[in-house]
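Read off the chains here:
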Amino acid sequence: PVSAILGGSLKLPCLVSLSQPPPTASTVGRHAVLTVPRVKWSILSSEKETEILVARGDRVKVSEAYKGRASLLNYASSPADLTLELNDLRHNDTGFYRCEVQQGLEDAHDLVQIKVKGNLTW
């Protein structure tokens with residue numbers, strides 16, 4: 001497991017090699033949609049999966065519980081770099097983080113365990 005500090009930030013790398021290049025402006029229709037990779041970051045804790053964010057193309061949708069805390073660090077400039085940045089870490093951010101990528105009929109995922117440690121003092 002990777003340790004993280006309560007109240008701190010965390011960068012979880014997820015790099016992919018794309019089986020097909022992302023579509024260009026000249027590619028249109030259903031084929032274009034199928035070739036754009038879809039990424040989903042989620043956390044698994046206590047037998048429950050919670051979605052953090054989903055991205056496809058230039059659209060990134062962050063779940064309500066993670067708004068203002070979660071982002072894809074380099075996604076805008078590099079669609080193969082799906083590194084998740086999570087700020088203002090909380091105790092309930094402890095768990096298994098999954099980066100799941102789908103492109104066309106192919107999909108892959110990887111897991112990393114994070115343990116948030118520390119006490120807040122006021």
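Cut-off values and rules
Residues numbered from 1 in each chain as written. Predicted model: local features only at pLDDT ≥ 70, side-chain atom pairs only at ≥ 80, totals over all residues. Heavy atoms only, no water. Core = buried A, V, L, I, M, F, W, Y, C linked by side-chain atoms within 4.5 Å. Buried < 20%, exposed > 50% of the residue type's maximum accessible area, 1.4 Å probe, protein only. Helix = DSSP H or I, 4+ residues; strand = E, 2+ residues; numbered from the N terminus. Salt bridge = Lys/Arg side-chain N within 4 Å of Asp/Glu carboxyl O. Contact = heavy atoms within 4.5 Å. Pairing = 2+ DSSP bridges. Disulfide = S-S within 2.5 Å.

Considering the nonpolar core
Soluble globular proteins tend to bury their nonpolar side chains together.
Step number 1: Formed by 25 residues in total, the largest nonpolar core has its most connected members in Val39, Trp41, Ile52, Leu53, Ala70, Leu84 and Tyr97.
Step number 2: Contributing elements (two or more residues each) for this core: β2 (10–12), β3 (38–45), β4 (48–56), β6 (70–72), β7 (84–86), β8 (95–103) and β9 (106–117).

A word on unusual backbone geometry
Step number 1: Despite not being glycine, Asp88 shows a phi value in the positive range, around 50°.
Step number 2: By the element assignment, Asp88 lies in the loop between β7 and β8.
Step number 3: Of the residues examined, Asp88 reaches a relative accessible area of 42% and is grouped as partly exposed.

Digging into the pattern of salt bridges
Step number 1: Inspection of the entire model under this criterion finds 7 salt bridges.
Step number 2: Notably, a salt bridge pairs Glu49 with Arg98, separated by 2.8 Å at the nearest N-O pair. With Glu49 in strand β4 and Arg98 in strand β8, this pair connects stretches of sequence that are 49 residues apart.
Step number 3: With its nearest N and O atoms 2.9 Å apart, the salt bridge here joins Arg69 to Asp93.

A few points about the environment of Phe96
Step number 1: With respect to the helices and strands, the residue Phe96 is situated in strand β8.
Step number 2: Residues Phe96 and Ile114 lie 18 residues apart in sequence; the distance between their C-alpha atoms is 6.2 Å.
Step number 3: Excluding its chain neighbours within four sequence positions, the residues that come into contact with Phe96 are Ser42, Ile43, Leu44, Leu111, Val112 and Gln113.

Focus: the pairing of β9
Step number 1: Bridging between strand β1 (residues 2–5) and β9 involves 4 bridges; their strand directions are parallel. Bridged to Ile5 within β9 is Lys117.
Step number 2: Looking at chain direction, β8 and β9 are connected through 9 bridges and run antiparallel. Looking across to β9, one finds that Cys99 is bridged to Asp110.
Step number 3: Linkage of β8 to β9, two consecutive antiparallel strands, is achieved through a turn of 2 residues, within which Gly104 is found at a positive phi near 60°.

Section: the state of the cysteines
Step number 1: Tallied over the full model, the rule gives 1 disulfide.
Step number 2: Put simply, Cys14 and Cys99 are joined by a disulfide, and their sulfur atoms are 2.0 Å apart. Between Cys14 and Cys99, the S-S torsion sits near -80°, and that sign places the bridge as left-handed. With a gap of 85 residues between them, Cys14 in the loop between β2 and α1 (29–35) and Cys99 in strand β8 connect regions that are remote in the sequence.
Step number 3: Owing to a relative accessible area of 11%, Cys14 belongs among the buried residues under this scheme.

Geometry only, nothing functional implied.
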